[in-house]
Amino acid sequence: IFSRFDAHMGVANATVRNSTMGHMGINAIGCGTFTVENSTIRGRSLINLRSDYGSTWQGELVIRNCVFVPAEGRTTSASLIGGSYSGQNNFGYDDKGLVVYPTDASLKKVATFNRLESR
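Residues numbered from 1 in each chain as written. Predicted model: local features only at pLDDT ≥ 70, side-chain atom pairs only at ≥ 80, totals over all residues. Heavy atoms only, no water.

Sheet topology note: the strand E2 (residues 11–12)/strand E5 (residues 30–37) ladder contains 2 bridges and is parallel. Its bridge partner being in E5, Val 11 is matched across the sheet by Gly 30. Here 3 bridges tie strand E3 (residues 15–17) to E5, and the two strands are oriented parallel to one another. Its bridge partner being in E5, Val 16 is matched across the sheet by Val 36. Note that E5 and strand E8 (residues 57–70) share 8 bridges and pair parallel. Residue pairing in the sheet places Val 36 in a bridge with Ile 63 of E8. (Pairing = 2+ DSSP bridges. Helix = DSSP H or I, 4+ residues; strand = E, 2+ residues; numbered from the N terminus.)

Ile 26, Phe 34, Val 36 and Ile 47 are the most contacted members of the largest nonpolar core, which has 17 residues in total. Elements with a minimum of two residues in this core: strand E4 (20–28), E5, strand E7 (45–49) and E8. In this view, Ile 47 contacts Ile 26, Phe 34, Val 36, Leu 61, Ile 63, Leu 80, Ile 81 and Gly 82; residues no more than four positions away in its chain are not counted. (Core = buried A, V, L, I, M, F, W, Y, C linked by side-chain atoms within 4.5 Å. Buried < 20%, exposed > 50% of the residue type's maximum accessible area, 1.4 Å probe, protein only. Contact = heavy atoms within 4.5 Å.)

Okay, the pairing of E7 next. Along a regular strand, successive side chains alternate from one face of the sheet to the other. The buried fraction of E7 amounts to 4 of the 5 residues, a majority that puts the element mostly inside the structure. As judged from the 2 bridges shared by E4 and E7, these two strands associate in the parallel manner. Note on E7: the bridge partner recorded for Asn 27 is Asn 48. Note that E7 and strand E9 (residues 79–83) share 4 bridges and pair parallel. Bridging from a neighbouring strand, Asn 48 pairs with Gly 82 of E9.

The structure is reproduced here in structure tokens:
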């Protein structure tokens, strides 16, 4: 179990496989293909695009055979792919601060749980 995957200044062609991410989940910015497979992700988003770096991913997001547990099962507002941009920083992008969405995203066999049940 990892507390999180966190790419601060950008990553290219990353893969998270056969892993469990803690309450901070996956935070990324970058380009290429980002693959998440056979993993359990906890957090407010399955993949959060870091707002402090412009919430950008230029490329594909591939999510296969994953379990998403938002906020450890507590009531929350959750999203599969999260991101925002306040317009307060200049990242040098031509889009002048607009969030750049992935060129392609595929979701296969993703289960989302609202509550964890103890047995």
